[in-house]
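# Close look at the chain arrangement
Chain by chain, the residues:
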Amino acid sequence: MASSMRISSNILRSPVTARALPARSVAFNGARCYSSAKAKSLKDTFAEKVPEEIEKVKKLRKEFGSKVIGEVTLDQVYGGARGIKSLVWEGSVLDSEEGIRFRGKTIPECSELLPKAPGGEEPLPEGLFWLLLTGEVPTEQQVRDLSAEWAARSDVPKFIEELIDRCPSDLHPMAQFSLAVTALEHESAFAKAYAKGINKKDYWSYTFEDSMDVIAKLPTIAAKIYRNVFKDGKVAAVQKDKDYSFNFANQLGFGENKDFVELMRLYLTIHSDHEGGNVSAHTTHLVGSALSSPMLSLAAGLNGLAGPLHGLANQEVLGWLQKMKKAIGNDLSDEAIKNYLWSTLNAGQVVPGYGHAVLRKTDPRYVAQREFALRKMPDDPMFKLVSQVYKIAPGVLTEHGKTKNPWPNVDSHSGVLLQYYGLTEANYYTVLFGVSRALGVLPQLIIDRALGAPIERPKSFSTEAWAKLVGAKL
């Protein structure tokens, strides 16, 4: 391999990367665990893979770089680039029949293979982050060490806390969240190193450090916003010997409810990544391609996630379900549900939470949440309503004939689960989504810098130029 493609061993010994935690014994969710220098770190694991991945991409482009893949139609151009094959995204691929696969693994497979907290049933999001970055399923010890490392990095600068405190309580939680993440640019190791001048092959190392730092701080920032807007403003300290989801749940004020903690582990895992073409993922990738720091790139993605056509969907589903419950009361008969569905459609509205741009079957993320509800809250009235809608809606939508996929997606269920445990402030739900989405988009940002991905710059044409290209006369 050419020397320009080698990953210098100095990367792993430079001050910015020297954050390995010392060997120690910690109590992890009540179980005694031992972190050890023998457990390979996430950064070491990724660094070993970089040269091979660079060569793989070089070989692929050399042999097949001129091969044409698919065709672009004018409808796709004017339809939001829907389905145009033009992005590289390693972490996940969305199949129309199977749903999401994380590094080739389905959600049930991830649930089985990824490490869990002692006594827990749901996979830890730390394990998914490791899988998305490296393609490997981590050991339990590696996940414990990653939990400990994020906890060690979790302290939020005082000026960020003051910035959040100065926000008006009626400023949308997502606006506050994006503002705080943007302000973390002050702490960016990548931005500081780039300003001094660093070799391109070292970009990924600093991007890794920033990504680890911002992920570690997100729960405290998100919890601060929640407690300020909806509660007393007080946020519990991070417990350094606990996992990421426990600390987030605890800082929100729900740490004593073991089932809510489990829900957070499930929620953060399944909402993390969803291919690279969705608005939040693509925006993070696009801004990062300009060598903006992970802080600025993620903040841009969060701004996209805040839009009503993206991250607000579960909030809209919950509102629609609550209106239905008010209208039909306790009558959950097939006829009552069917009539309400038709009244929604006949009013020119969509049934929120149903349909998907790619999927043509029930979203496996919906199924994962449904199985959780069946175990934890089978008699909840709102869950029963969701189950009845799941039974009736596909038939009504198929008869209506205007929905390509009449099956529920991930947003059909999450709001009902959250409100059951007392997190009823639907205006805040997108912030939870934002914390999770960071776990999916930042691994790709690290990969982009490691493989030397260029700035993204597709070609655009005016309507007149497009008309000329297809031989049309306007």
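Right, let's walk through the structure included here. (Residues numbered from 1 in each chain as written. Predicted model: local features only at pLDDT ≥ 70, side-chain atom pairs only at ≥ 80, totals over all residues. Heavy atoms only, no water.)

## So, the pairing of strand E3 (residues 92-95)
Every second residue of E3 is oriented toward a common face, the buried set being Ser92 and Leu94 and the non-buried set Val93 and Asp95. Pairing of E3 with strand E4 (residues 99-102) involves four bridges; the strand directions are antiparallel. Considered in E4, the bridge of Asp95 is made with Gly99. The turn linking E3 back onto E4 is made up of three residues. (Buried < 20%, exposed > 50% of the residue type's maximum accessible area, 1.4 Å probe, protein only. Helix = DSSP H or I, 4+ residues; strand = E, 2+ residues; numbered from the N terminus. Pairing = 2+ DSSP bridges.)

## Concerning the pattern of salt bridges
In total, this model carries 23 salt bridges according to the counting rule given. Where Arg153 meets Glu209, a salt bridge forms, and the shortest distance between an N and an O atom there is 2.8 Å. With a gap of 56 residues between them, Arg153 in the loop between helix H5 (140-152) and helix H6 (158-166) and Glu209 in helix H9 (residues 203-230) connect regions that are remote in the sequence. For the pair Arg153 and Glu209, a shared accessibility class is recorded, and that class is buried. Salt-bridge contacts for Asp243 lead to Arg265; the nearest nitrogen and oxygen are separated by 2.7 Å. Residue Asp243 is located in the loop between H9 and helix H10 (244-252), and its partner Arg265 is located in helix H11 (residues 258-270); the two are separated by 22 residues in the primary sequence. What makes Arg265 buried here is its relative accessible area of 6%. Here the residues in one salt-bridge network are Lys43, Glu149, Arg153, Glu209 and Asp213, joined through shared partners. (Salt bridge = Lys/Arg side-chain N within 4 Å of Asp/Glu carboxyl O.)

## Quick notes on the packing of aromatic side chains
Per the counting criterion, the structure on display carries 16 aromatic pairs. Judged by centre distance (6.4 Å) and plane angle (80°), the ring pair of Trp204 and Phe208 falls under edge-to-face. Within this pair, Trp204 and its partner Phe208 are both found in helix H9, separated by four residues, close to a single helical turn. Judged by centre distance (6.3 Å) and plane angle (85°), the rings of Phe230 and Tyr428 are edge-to-face. Of this pair, Phe230 sits in helix H9 while Tyr428 sits in the loop between helix H18 (411-420) and helix H19 (429-450); the two residues are 198 residues apart in sequence, bridging distant segments of the chain. We classify Phe230 as partly exposed; its relative accessible area is 26%. Among the aromatic side chains, those forming a connected cluster through ring pairs are Phe254, Phe260, Tyr420 and Tyr421. (Phe/Tyr/Trp six-rings, centres within 6.5 Å; stacked < 30°, edge-to-face > 60°.)

## Let's talk about the environment of Glu97
With respect to the secondary-structure elements, Glu97 resides in the loop between E3 and E4. Through-space distance from the C-alpha of Glu97 to that of Lys361 is 5.8 Å; in sequence the pair is 264 residues apart. Setting aside residues no more than four positions away along its own chain, Glu97 makes contact with Arg360 and Lys361. (Contact = heavy atoms within 4.5 Å.)

## Points about the pairing of E4
Where E4 and strand E5 (residues 105-106) come together, two bridges link them in antiparallel fashion. Residue pairing in the sheet places Phe102 in a bridge with Lys105 of E5. In this structure, the hairpin formed by E4 and E5 is closed by a connection of two residues, where Arg103 is found at a positive phi of approximately 50°.

## Considerations on the sheet that holds E3
Read across the open sheet, the three strands follow the order E3-E4-E5; overall the sheet is antiparallel. Each edge of the sheet is formed by a strand with only one pairing partner; in this case those strands are E3 and E5.

## Points about the packing of H9 against H19
Following both chains from N to C, one finds H9 and H19 inclined at 175°, their axes separated by 9 Å at the closest point. For the element pair H9 / H19, the angle class is roughly antiparallel. On the side of H9, the interface is formed by Tyr203, Trp204, Thr207, Phe208, Ser211, Val214, Ile215, Leu218 and Ala222, while H19 contributes Val431, Val435, Ala438, Leu439, Leu442, Leu445, Ile446, Arg449 and Ala450. When the residues that make up the contact of H9 with H19 are grouped by side-chain class, the tally is 15 nonpolar, two polar and one charged. (Axes fitted to C-alpha atoms, helices over the stretch in contact; angles between N-to-C directions. Parallel < 35°, antiparallel > 145°, perpendicular 65-115°, else oblique. Nonpolar A, V, L, I, M, F, W, Y, C, P; charged D, E, K, R; others polar.)

## Side note on a nonpolar patch on the surface
A cluster of nonpolar side chains, Leu74, Tyr78, Phe461, Leu469 and Val470, forms an exposed patch at the surface whose accessible area comes to about 480 Å². When contributions to the nonpolar patch are tallied by element, the ones reaching two or more residues are helix H2 (74-78) and helix H20 (463-470). When you line up the elements, Val470 lands in helix H20. Val470 sits in the partly exposed class, given a relative accessible area of 49%. (Patch = residues over 30% accessible without salt bridge, like charges linked within 9 Å, V, L, I, M, F, W, Y side chains within 5 Å. Areas by Shrake-Rupley, 256 points an atom, 1.4 Å probe, with all protein chains shown as cover.)

## A look at H5
Helix length check: H5, at 13 residues, gives a terminal C-alpha distance of 18 Å against a target of 18 Å (1.5 Å per residue), a fit within 8%. Among the 13 residues in H5, ten count as buried, and that is most of the element. Those residues of H5 lying buried are Gln142, Val143, Arg144, Asp145, Leu146, Ser147, Ala148, Glu149, Trp150 and Ala151. (Expected span 1.5 Å × (residues − 1).)

## Thoughts on H9
In an α-helix, one turn spans 3.6 residues, which is why side chains three or four residues apart end up on the same side. Its 28 residues place the ends of H9 40 Å apart at the C-alpha level, agreeing with the 40 Å of an ideal helix rising 1.5 Å per residue. Burial of H9 is extensive: 25 of the 28 residues sit out of reach of the surface.

## Considering the packing of helix H4 (residues 125-134) against H5
Put simply, H4 and H5 touch, their axes get as near as 9 Å, and they point 105° apart. Judged by the angle between their axes, H4 and H5 are roughly perpendicular. Between H4 and H5, the contacting residues are Glu126, Gly127, Phe129 and Trp130 on the first element and Gln142, Val143, Leu146, Ser147 and Trp150 on the second. For the contact of H4 with H5, the residue count by class is five nonpolar, three polar and one charged.

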